[in-house]
Each structure stands twice: as C-alpha cells, then as structure tokens.
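# An overview of the molecular structure
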Amino acid sequence: MSEISVCYSGNRRVFPGLLLSVLSLVRHTDRPVHVFVLSMDLRGEDPAFLPFSQAQQDLLGRVVREKNADSRVFFLDMTERYRAALAHGKNKKNFYTPYAQLRLFLGELEGIPDKLLYLDIDTMCLSDIGQLYDTDIAGFEYGAVLDHMGKFWISPTYCNSGVLLLNLPRLRETKLLQRCRDYIEGHRLVMPDQTALHRLHEARRILPRRFNEQRAPRADTVVKHFCRGIRWVPFFHIYNYKQWEREKVHEKLRLHCFDDIYEEYDRLMARYPEANL
C-alpha cells in the first residue's frame, strides 16, 4: 500500500491545530502517512515564534505510528533558509506569519517525495485524503481549489494555497517556487505566497471544492479549511475561527462533526501533558 506524503508548516503555538489535523487525517485512511513539518526559530522577532518542542514532535510521531506502523513524521528546521532568502523582504511582517512562506522552499529540500500534499494547519479531514492525493497532476505544477472570496474579488481563477497538491519535479523545471520567493521579497502583498503562485504559475489544475471546503462542510467534503470568511447578517463582518477554538467551532460555526477528534485530542493531552503549550 503506497504511502501518502503530507506537509505542514507552523510553530509551537499552533501545535493543537497540527495535532487535530493529523488526528483527522490518519482517522480516515489506512495507508501509511509520511508527515513533513516545516518550522523555524524566530524568537528574536517574536517570542511566540518557537519551533515545535521535542515532546510535541514525539507525540505526533506516536500518533501516526499507532494508526500505521509504517507511518513517519519528519520535522525540518527552516530557520537558516528563511533568514537567507526572505527575512529581509517586503513581507517580513504581514497578516500571515512567516511560517506560511516556508512552503516555497519545498522544491529544494532533500528527502521530499516527488508528489506532496501541502495542508495548512487549520485544515481537518472528513474522509480519506487519498482521494485528493491520488489526483493526477502530471504535466501540472500543482493542483489547488478556487479561493472562496478571491474568485469573486480578485480573479475567477484565483486559488487558495491552504491545500496544494504539488508536482515537485515540474516545479523544479519551471522554478516556480523560487520565482515566487523572489517575487514576494520585492512586492508587498496581502496574501504573499498565494498571490505569487497565482500570478507566476505556468500550469496548474483546478481541483474540486470538496478538497478545500472553505465554508460549511458538505456531504462530499474531504478537507474542511478553517480560513477567514465573511458574514453579512446580522451585520457585515469577517470571521476567522480555527478548529482548536472548540467553543467557537460549536457556537459560531455550529459544527460538531469533529467531536470524536476532540475527544481523542483530550485523551492524548491528559496522557502526555508535556506536549501542552
């Protein structure tokens, strides 16, 4: 049974989201999962910008191996790469943390498989991620789903970069990720990596909405993305509730489909308190 290779990026503060996302991922597949986690130490810029602790790394590895003995987790330190290429660019400080830009180094890292699924930490799986991972993207640099808001306000083909199915050999040929890094270093952008990918890509495959549902889950949803959204009633406002904000998920989003994952998370945190923030 072939493995599924998945990548996340983040820091110690969002470990609850990472653990919840991985728990949901392994819950719905019997295949081995190789999880690559990109992080870095930028505590000099923000005290919260710490890499994942050893206890957190150990727990995540234990979680995936308990489901499938052939699953693995790999934590990659991106500190020096980021400092050398992006730390002094125009998007050093942005609405998004610097960790969001680490995906743009994936074409240069050793040991990364040719096909890789990048997931934002604020994503949760509702069914087998293999449905997405097995999508054919031969000839494309990447596959992505249209951005729920951006497709209306920016471009009909503007995609959300929170779920990316990457064809790394093709990305190396076109040097897309490198060109995106160069672009965001010199251009101030609201959504840096996402906009750069949209403007500079040569060939991408638009994927079905069910692989990156940015609103309420539907019957066929595979990945639910807890990204920003807009509500018009009772007044216009932007909301941004993450899956680790459990009360808001229940009360504001009225979602209870992940309650079994929350219960498993609570059991793990009670058993391994050293992995808490």
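Scroll up a little and you will see the structure.
Report follows, based on the coordinates. Just so you know, these numbers come straight off a predicted model, no measurement behind them.

### Some words on a nonpolar patch on the surface
There is a patch of nonpolar side chains on the surface, built from Phe152, Trp153 and Ile154 and spanning about 400 Å² of accessible area. Assignment of secondary structure puts tryptophan 153 in helix H5 (residues 150–153).

### Points about the sheet that holds strand S3 (residues 72–77)
Backbone hydrogen bonds are what pair the strands of a sheet, in a parallel or an antiparallel way. One open sheet holds the 7 strands; their spatial order is S3-S2-S1-S4-S7-S6-S8, and the pairing between them is mixed. Edge positions in the open sheet fall to S3 and strand S8 (204–207), since each of these has one partner strand only. Sheet twist, expressed as the mean angle between neighbouring strand axes with direction ignored, is 25°. Where strand S2 (residues 33–39) meets S3, 6 bridges bridge the pair, whose relative direction is parallel. Note that in S3 the partner of phenylalanine 36 across the bridge is phenylalanine 74. Here helix H2 (residues 54–67) sits on the sheet in contact with S2 and S3, set at roughly 150° to S3. In the packing of helix H8 (residues 192–200) onto the sheet, the strands contacted are strand S6 (142–146), strand S7 (159–167) and S8, and the crossing angle to S7 comes to about 60°.

### Let's talk about helix H7 (residues 176–186)
Listing the buried residues of H7 in full gives Leu176, Leu177, Cys180, Arg181, Tyr183 and Ile184. Seen end-on, H7 carries its buried residues on one side only, within an arc spanning 165°.

### What to know about the pattern of salt bridges
Per the stated rule, a full pass over the model turns up 18 salt bridges. The partner of arginine 103 in a salt bridge is aspartate 120, with the nearest N and O atoms 3.3 Å apart. Placement of the pair is arginine 103 in the loop between helix H3 (79–85) and strand S4 (115–119) and aspartate 120 in the loop between S4 and strand S5 (123–125), with a sequence separation of 17 residues. Residue arginine 103 is classed as buried on the basis of its relative accessible area, which comes to 5%. Overall, aspartate 120 belongs to the buried group, its relative accessible area being 15%. Glutamate 202 is the salt-bridge partner of arginine 179, the closest N and O atoms lying 3.8 Å from each other. Here arginine 179, found in helix H7, pairs with glutamate 202, found in the loop between H8 and S8; they are 23 residues apart in sequence, far enough to count as distant. Assessed through its relative accessible area of 53%, glutamate 202 is described here as exposed.

### Examining the packing of aromatic side chains
Summed over the entire model, instances satisfying the criterion amount to 6 aromatic pairs. A ring pair is formed by phenylalanine 15 and phenylalanine 52, whose centres lie 6.3 Å apart and whose planes are at 65°; its orientation type is edge-to-face. Placement of phenylalanine 15 in helix H1 (residues 15–27) and of phenylalanine 52 in the loop between S2 and H2 is noted, with a sequence separation of 37 residues between them. Residue classification places phenylalanine 15 among the buried positions, given a relative accessible area of 1%. Accessibility expressed as a relative area gives 4% for phenylalanine 52, which makes it buried. Ring geometry for phenylalanine 49 versus tyrosine 99: centroids 5.4 Å apart, planes at 80°, classification edge-to-face. Placement of the pair is phenylalanine 49 in the loop between S2 and H2 and tyrosine 99 in the loop between H3 and S4, with a sequence separation of 50 residues. The exposure class of tyrosine 99 is buried, given its relative accessible area of 1%. An aromatic cluster of at least three residues, connected via ring pairs, comprises Phe15, Phe52 and Phe75.

### What about the nonpolar core?
Note that soluble globular proteins tend to have their nonpolar side chains buried in a common cluster. With 51 residues, the main nonpolar core has Tyr8, Leu18, Leu19, Leu25, Leu59, Leu117 and Ile129 as its most contacted residues. Contact partners of leucine 18, with chain neighbours within four places excluded, come to Tyr8, Val37, Phe52, Leu60 and Ile121. Within the second largest apolar cluster, 34 residues are counted, among which are Phe36, Leu38, Tyr142 and Tyr183.

### Brief notes about the packing of H7 against H8
Across the interface, H7 lies against H8 with an axial gap of 9 Å and an inter-helix angle of 120°. When the axis of H7 is compared with that of H8, the two are oblique. As for how H7 packs across H8, the hand of that crossing is right-handed. Along the contact surface, H7 presents Leu176, Leu177, Arg179, Cys180, Tyr183 and Ile184, while H8 presents Pro192, Asp193, Ala196, Leu197, Arg199 and Leu200. Partitioning the contact of H7 with H8 into residue classes produces 9 nonpolar, no polar and 3 charged.

The rules behind these values
Residues numbered from 1 in each chain as written. Predicted model: local features only at pLDDT ≥ 70, side-chain atom pairs only at ≥ 80, totals over all residues. Heavy atoms only, no water. Patch = residues over 30% accessible without salt bridge, like charges linked within 9 Å, V, L, I, M, F, W, Y side chains within 5 Å. Areas by Shrake-Rupley, 256 points an atom, 1.4 Å probe, with all protein chains shown as cover. Salt bridge = Lys/Arg side-chain N within 4 Å of Asp/Glu carboxyl O. Helix = DSSP H or I, 4+ residues; strand = E, 2+ residues; numbered from the N terminus. Pairing = 2+ DSSP bridges. Axes fitted to C-alpha atoms, helices over the stretch in contact; angles between N-to-C directions. Contact = heavy atoms within 4.5 Å. Buried < 20%, exposed > 50% of the residue type's maximum accessible area, 1.4 Å probe, protein only. Arc of directions from axis to C-beta. Phe/Tyr/Trp six-rings, centres within 6.5 Å; stacked < 30°, edge-to-face > 60°. Core = buried A, V, L, I, M, F, W, Y, C linked by side-chain atoms within 4.5 Å. Parallel < 35°, antiparallel > 145°, perpendicular 65-115°, else oblique. Left-handed = near helix turned anticlockwise from the far one by under 90°. Nonpolar A, V, L, I, M, F, W, Y, C, P; charged D, E, K, R; others polar.

What is shown is where atoms sit, not what they do.
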